[in-house]
Number of protein chains: 2
Amino acid sequence: MEKVNIGVDVGGMSIKAGLVNNNGDILFKKSCVTDGKNVPKFLEDMKNLLKEVIEEGKKLNLEIGGIGFGVPGMVNNKLGTIDKMANISGRNIPLRDYLSDLNLPIYISNDANVAALAEQKFGAAKGYKDVILLTLGTGVGGGVICDGKLYEGNEGKGAELGHVVLVLNGRQCGCGRKGCLETYASASALLRETKEMMEEHKDSMMWEYANNDINNVSGLTSFECAKKGDKWANQVIDNYVMYLGEGLLDFCNIFRPEVFVIGGGISNQGKYLTDKLQKYLEDHNYGYESAPRSEVVVAKLKNDAGIIGAASLFIE
Amino acid sequence: MEKVNIGVDVGGMSIKAGLVNNNGDILFKKSCVTDGKNVPKFLEDMKNLLKEVIEEGKKLNLEIGGIGFGVPGMVNNKLGTIDKMANISGRNIPLRDYLSDLNLPIYISNDANVAALAEQKFGAAKGYKDVILLTLGTGVGGGVICDGKLYEGNEGKGAELGHVVLVLNGRQCGCGRKGCLETYASASALLRETKEMMEEHKDSMMWEYANNDINNVSGLTSFECAKKGDKWANQVIDNYVMYLGEGLLDFCNIFRPEVFVIGGGISNQGKYLTDKLQKYLEDHNYGYESAPRSEVVVAKLKNDAGIIGAASLFIE
């Protein structure tokens, strides 16, 4: 009987679950739409989906070890609750208790944490023991692997790497603090900085790229126009690399990771982005004189990282 | 035969070594003056001191497990070298190799790291598993205990908590970066801010406290005058608590420690300082909504922390 675990990629509008073996292969995958604004329905949909996945596991003659969850928000891994999450109404939702009749071990973690685990076990950071993952999206998520183990902090509320201050009393962050890395290095921040640069420089090639409509600006605009040589687009990218690079240097000084894994939409820029970041780290001695090199790579597992990583919470 | 380890508190001008049992008691202690500007002499003095300590261990019928070092600078714990340190001329000094004829296991770590270990095993953080220590002196040293274990980062060059950026492009830091926590939250920074405030406000009580001579200003000046109600001294302290508090919030978001241990001269302010820091963390929700409480306490072991902590590198 092959051993597998269930990995669940939680969202407020859809839930994805899969059976994952110890090689990180997804043997079966199923998803459902749900409504996080209606918590009883959200929980019911979750349980029904999991029952189907468990049933499929039986059919496939698989031995299920446990159910892991990656939640895009704040969890309490001791209590097994979802404390706060986008597109969901409730607070401190007792997910583990609600699913206790499934009679399987349950572990609830944060989405960036499980993505880090997936990349370290089966993806871009395979073979490394000290790994920092940053997902650059609406916010900046962080995952930390120390000496081969996921580091979550007390209650699973640590590794919030997007919420270290980069600019004292800087821009207001959604977390309540001001000047967090997230407000300068997220994809949303890149978009904001792109638009600001365009408003200041009507001669920028970025206007043409966006068909002269600021509403057409995306995370691609500055990157693509920078590659074509637009001065202002390059300035946006250079600033962005500086912001993100300073954050990476902070994490160099704290963790000295062997490798940084960059995930989220912006990571589609691949080597164009990682080469610039690598150079920034090198030019600044990895934060400290003669500090060991930290490699910068892009995430590999993309959309499946959530399911694989959540299941990996049960892989030794 | 009682089991002990040797702990060595390394300095460029003096070296202290002691025999420490598994309860953290120093059974014998000896020190010597040395000259870090003359590396061969420094190494010879080190070896002679250790031979004496080993000899004393034999007399006392003690079984020595290993020799641990706490170095105020940059080490390489893989190679057993002192890479860079104040008051010492050389770089990458192969301390472990040089001492190989003592025939004892040798481990070389950073001074703040071993202080954290000492406080967690035998001091202010005894009983806690997740601990962050910050020493506030000329610089800001950091030590991290995760799940009961010392976390040093690759090559032992991590946990440089004083070198996370607080103010992007802020004041020049000795490490090469700009705006590091160290440049705002060290004792040196407090002194600088005190003097600046005094120069701006000649009516401050701090002038009287310093006998109207700016050269008499110390780390005590602002604290003592703030307690007496001086407005400008209180402003210095409030700013200092804000700088340090923002740093602690960064570490809350990354580590969620159960306890912060504050060491260095400024920690003599005791509850006057920790109460203010605790309030700052509470007012800012420990960096994140409904995040778990992190206690702030002052270090307990003071001058012996170096010896005890260095020896603790060999205590399971």
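Residues numbered from 1 in each chain as written. Chains lettered and ligands numbered in written order. Predicted model: local features only at pLDDT ≥ 70, side-chain atom pairs only at ≥ 80, totals over all residues.

K.L.:
Explain the domain arrangement of chain A to me, please; I cannot follow it from the model alone.
P.N.:
One widely used convention gives an interface's size as the accessible area the parts lose upon coming together. Residue and element names in this part refer to chain A. Domain parsing of chain A yields domain 1 (2-121 + 304-312) and domain 2 (128-300). For domain 1 and domain 2, the distance between their C-alpha centroids amounts to 28 Å. Every contact between the two is made by 16 residues of domain 1 and, on the other side, 19 residues of domain 2. Every element with two or more residues in the side of domain 1 that touches domain 2 is listed here: β5 (73-76), β7 (106-110) and α3 (111-122). (Domains from an automatic or database assignment. Contact = placed C-beta atoms within 7 Å. Helix = DSSP H or I, 4+ residues; strand = E, 2+ residues; numbered from the N terminus.)

K.L.:
Can you walk me through the nonpolar core in this structure?
P.N.:
Counting residues in each nonpolar core, the largest one holds 212 residues, and the members touching the most others are Val 261 of chain A together with Val 261 of chain B. For Val 261 of chain B, the contacting residues outside a window of four places in its chain are Glu 119, Ala 124, Ala 125, Val 131, Leu 133, Val 297 and Ala 299 of chain B. (Core = buried A, V, L, I, M, F, W, Y, C linked by C-beta atoms within 7 Å. Buried ≥ 20, exposed ≤ 12 C-beta atoms within 10 Å, placed from the backbone.)

K.L.:
Would you mind showing me how to read the packing of helix α3 (residues 111-122) of chain B against helix α10 (residues 305-312) of chain B here?
P.N.:
For any two helices packed against each other, the geometry is given by the interaxial angle and the distance between the axes. All names here are of chain B. As a packed pair, α3 and α10 sit with axes 7 Å apart at the nearest point and diverge in direction by 85 degrees. Of the possible angle classes, the one that applies to α3 and α10 is roughly perpendicular. Listed contacts from α10 to Asp 111, Val 114, Ala 115, Leu 117, Ala 118, Glu 119, Lys 121 and Phe 122 of α3 are Ala 305, Gly 306, Ile 308, Gly 309, Ala 310 and Ser 312. (Axes fitted to C-alpha atoms, helices over the stretch in contact; angles between N-to-C directions. Parallel < 35°, antiparallel > 145°, perpendicular 65-115°, else oblique.)

K.L.:
Can you walk me through the interface of chain B and chain A in this structure?
P.N.:
Residue-level contacts link 38 residues of chain B with 38 residues of chain A. Mapped by element, the contributors of at least two residues to the side of chain B that touches chain A are β6 (81-85) and α8 (231-255) of chain B. Residue composition of the side of chain B that touches chain A, by class: 16 nonpolar, 10 polar and 12 charged. (Nonpolar A, V, L, I, M, F, W, Y, C, P; charged D, E, K, R; others polar.)

K.L.:
Can you help me understand the sheet that holds β7 of chain A in this one?
P.N.:
One key point about sheets: their strands pair by backbone hydrogen bonds, in either a parallel or an antiparallel sense. Residues and elements named next belong to chain A. Strand order in this open sheet of 5 strands is β3-β2-β1-β4-β7, and the pairing throughout is mixed. Each of the sheet's edge strands pairs with one partner strand only, and the pair in question is β3 (26-33) and β7. The mean inter-strand angle of the sheet, taken between neighbouring strand axes irrespective of direction, is 20 degrees. Pairing of strand β4 (residues 62-71) with β7, which is carried by 5 bridges, proceeds in the parallel orientation. Looking at β7, one finds that Phe 69 is bridged to Ile 108. Together, β1 (2-10), β2 (14-21), β3 and β4 form the strand contacts of helix α1 (residues 39-59), whose direction differs from that of β2 by roughly 25 degrees. Running at roughly 125 degrees to β1, helix α10 (residues 305-312) makes contact with β1, β2, β3 and β4 of the sheet. (Pairing = 2+ DSSP bridges.)

K.L.:
Would you explain the packing of helix α5 (residues 187-200) of chain A against helix α8 (residues 231-255) of chain A in this entry?
P.N.:
Residue and element names in this part refer to chain A. Running from N to C, α5 and α8 point in directions that differ by 145 degrees, and their axes come no closer than 10 Å. The element α5 and its partner α8 pack so that their crossing is right-handed. Here α5 contributes Leu 190, Glu 193, Thr 194 and Met 197 to the contact with α8, which in turn contributes Trp 232, Gln 235, Val 236, Asn 239 and Tyr 240. (Left-handed = near helix turned anticlockwise from the far one by under 90°.)

K.L.:
What exactly am I supposed to notice about the sheet that holds strand β11 (residues 259-263) of chain A here?
P.N.:
Residue and element names in this part refer to chain A. Spatially, β10-β9-β8-β11-β12 is the arrangement adopted by the 5 strands of the open sheet, whose pairing is mixed. Strand pairing shows two members of the sheet lacking a second neighbour, β10 (149-151) and β12 (295-298), which therefore form its edges. Within this sheet the neighbouring strands show an average axis-to-axis angle of 25 degrees, counted without direction. Judged from the 6 bridges that link them, strand β8 (residues 131-136) and strand β9 (residues 140-146) form a sheet pairing that is antiparallel. Paired with Leu 134 across the strands is Gly 142, a residue of β9. Seen against the sheet, α3 touches β8, β9, β10 and β11 and runs at an angle of roughly 50 degrees to β9.

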